[in-house]
Amino acid sequence: MIKHLFLVWALLFISLGLFSQNKKIIFDNSDRSNYILFSGLIGQQKTLDEGVSPLLYKGTVFGGGLGYKSEKTNRIWDIEGSFLYGNQYSSAINDLGYFTSYNIDLSGRYLLILDEESSIPIDAYVGFQAMQMMRLRTNYSMFNAAFGYDIVSALGITGEFKKTINIKGFDINLWRWKYIYHPHKITFDTRIDLPLLFLYLRPTYIVIENFVDGREDPYDFSRSKGTSIGEIVHITANTGINYHLRNSNIIRFGYVWQYYKIAPGFSPVRGAQHLFQLTFKFKMNKSAHYETL
């Protein structure tokens, strides 16, 4: 009985001591911005797949993307995915062939700031990135195969550079009409992804049912090959303007350029994209989180 009374007294004393203290921060997100990203994309895609035609095919592609991004003053990490659809045609007058394209891109990055003391006028980040690219094409009126694909997994390096400027508020008075512009921020940024190590899968175009090695499954991943930059070249550049709204959300207008080349010794392929991107960045954490001890 005495032991139980002593235990209750000890717990009561500890509780009173804790609740008598001032509030303490045990989880603070005030220096971090977490965003959900929704994107729309439209632009031009070019493909030269020597396995089915020596001609260059190009056309309009469009689609959307979804992502998550976490930013701090000294680091950035994000995960993004996108899907694009479109048709590509050649400029040859007598060519009746064309591609219907389905593009899937997945990527993730982790970057650290180069100069945390801000002795340079821009914020520069470097880090690592992983990507999965899938270019799937249904081929119409081609001499060799009914479809084509380029499936590439890669690891590499990435860099991001950004500069934020403040726009001061101002008033415009035109007789009875008055417009008040509140202070806003605009951030200019550009990101470059350069994969260095690759695992890729390409068809060996003969006919759809009979590949060179006799296997019938065109997506047999045991045919995948690993290589480094050289046999494959892949680069993505994403440049944009971010307009910071007063509710902490961001609208970003971007231009995306991507180029890749796979030269495995059979049916080499080259592809490029020029895309305009509109992204809505919805901020998830409005303020720091506090809890009483």
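Residues numbered from 1 in each chain as written. Predicted model: local features only at pLDDT ≥ 70, side-chain atom pairs only at ≥ 80, totals over all residues. Heavy atoms only, no water.

Enquirer: When you look at the overall build of the protein chain in this model, what are you seeing that I'm missing?
Expert: In terms of regular secondary structure, the protein chain is built from 1 helix and 15 strands. Out of the 293 residues belonging to the protein chain, those deemed buried represent 39%. The contacts of the protein chain with a sequence gap of at least 6 include a subset with a gap of at least 24, amounting to 67%. Accessible area for the protein chain stands at about 17100 Å²; split by element, carbon and sulfur atoms hold 65% of it. (Helix = DSSP H or I, 4+ residues; strand = E, 2+ residues; numbered from the N terminus. Buried < 20%, exposed > 50% of the residue type's maximum accessible area, 1.4 Å probe, protein only. Contact = heavy atoms within 4.5 Å. Areas by Shrake-Rupley, 256 points an atom, 1.4 Å probe, with all protein chains shown as cover.)

Enquirer: What am I meant to see in a nonpolar patch on the surface here?
Expert: On the surface, I42, F62, F83, Y85, Y102, Y255 and F276 cluster together into a nonpolar patch covering about 680 Å² of accessible area. Relative to the assigned elements, F62 resides in strand 3 (residues 57-72). Using a relative accessible area of 46% as the deciding quantity, one classes F62 as partly exposed. (Patch = residues over 30% accessible without salt bridge, like charges linked within 9 Å, V, L, I, M, F, W, Y side chains within 5 Å. Salt bridge = Lys/Arg side-chain N within 4 Å of Asp/Glu carboxyl O.)

Enquirer: Is there a simple way to think about the environment of L275 in this case?
Expert: Among the secondary structure elements, L275 is positioned in strand 14 (residues 269-283). Expressed as a C-alpha distance, the spacing of L275 and Y255, which sit 20 residues apart in the sequence, is 5.7 Å. Residue contacts for L275: discarding those within four places in its chain leaves L41, I42, G43, Q44, V61, L84, G254, Y255 and V256.

Enquirer: Help me understand the side chain of N242 in this model?
Expert: Of note, N242 is situated in strand 12 (residues 232-244). Polar side-chain contacts of N242 include one of 2.8 Å to the side chain of D189. If we skip the residues at most four places from it in the chain, N242 touches K185, I186, T187, D189, I250, I251, R252 and K281. (Polar contact = N/O pair within 3.5 Å; in protein donor to acceptor, adjacent residues only side chain to side chain.)

Enquirer: Would you explain the environment of K163 in this entry?
Expert: Inspection of the secondary structure puts K163 in strand 7 (residues 147-167). Residue class for K163 comes out partly exposed when judged on its relative accessible area of 37%. Distance from K163 to P121, taken between C-alpha atoms, is 7.6 Å for residues 42 residues apart in sequence. With residues up to four places along the chain from it excluded, the contact list for K163 reads P121, I122, I186, T187 and F188. Only 2.9 Å separates the side chain of K163 from the backbone oxygen of P121, close enough to count as a polar contact.

Enquirer: How should empty space enclosed by the protein be read in this particular structure?
Expert: Over the atoms, a rolling probe the size of a water molecule traces out where space has been left empty. In total, this model carries 3 cavities of 30 Å³ or more according to the counting rule given. The calculated volume of the largest cavity comes to roughly 410 Å³. Looking at the largest cavity, it is lined by 27 residues, and the ones nearest its centre are S82, D105, S107, R109 and R191. In the lining of the largest cavity, the residues fall into 8 nonpolar, 14 polar and 5 charged. There is about 150 Å³ of room inside the second largest cavity. (1 Å grid on protein atoms, 1.4 Å probe; cavity = no way out; pocket = protein on both sides within 12 Å on 5 of 7 lines; lining within 4 Å. Points joined across faces, edges and corners; volume = space filled by probe spheres on them. Nonpolar A, V, L, I, M, F, W, Y, C, P; charged D, E, K, R; others polar.)

Enquirer: Please clarify how the pattern of salt bridges should be interpreted in this entry.
Expert: For side chains bearing opposite charge, pairing can occur when the charged atoms are close. Tallying each qualifying case throughout the model produces 15 salt bridges. If you follow the salt bridges from partner to partner, you end up with K69, E71, E160, K162 and K281 in one network.

Enquirer: Help me out: how do you make sense of the confidence of the model for the protein chain in this one?
Expert: Regions with low pLDDT carry predicted coordinates that are not meant to be interpreted in detail. Chain-level pLDDT for the protein chain is 81 on average; 79% of the residues reach the 70-or-more range. Contacts from residues 3-28, a stretch scored under 50 in pLDDT, to residues over four places away or in other chains number 12 contacts. Here residues 287-293 scores under 50 on pLDDT; set against residues more than four positions off or in separate chains, the count is 15 contacts. (pLDDT = per-residue confidence, 0-100.)

Enquirer: Is there a simple way to think about the nonpolar core in this case?
Expert: One recurring pattern in soluble globular proteins: nonpolar side chains tend to sit buried together. Grouped together as the largest cluster of nonpolar side chains are 10 residues: M131, M133, V152, A154, F198, Y200, I232, Y260, I262 and V269. Listing elements by their share of this core, those giving two or more residues are strand 6 (123-140), strand 7, strand 10 (184-201) and strand 13 (250-262). (Core = buried A, V, L, I, M, F, W, Y, C linked by side-chain atoms within 4.5 Å.)

Enquirer: I tried to follow the pairing of strand 13 on my own but got confused; where do I start?
Expert: Taken residue by residue, a regular strand's side chains alternate between the two faces of the sheet. The alternating pattern of strand 13 places I250, R252, G254, V256, Q258, Y260 and I262 on a buried face, while none of I251, F253, Y255, W257, Y259 and K261, on the opposite face, is buried. As consecutive antiparallel partners, strand 12 and strand 13 are separated by 5 residues, and within that stretch S248 has a phi angle of approximately 80°, a positive value. Strand direction decides the pairing type here: strand 13 and strand 14, joined by 13 bridges, are antiparallel. Note that in strand 14 the partner of V256 across the bridge is L275. The antiparallel pairing of strand 13 with strand 14 creates a hairpin that spans 6 residues between the two strands, and G265 there sits at a positive phi of about 100°. (Pairing = 2+ DSSP bridges.)

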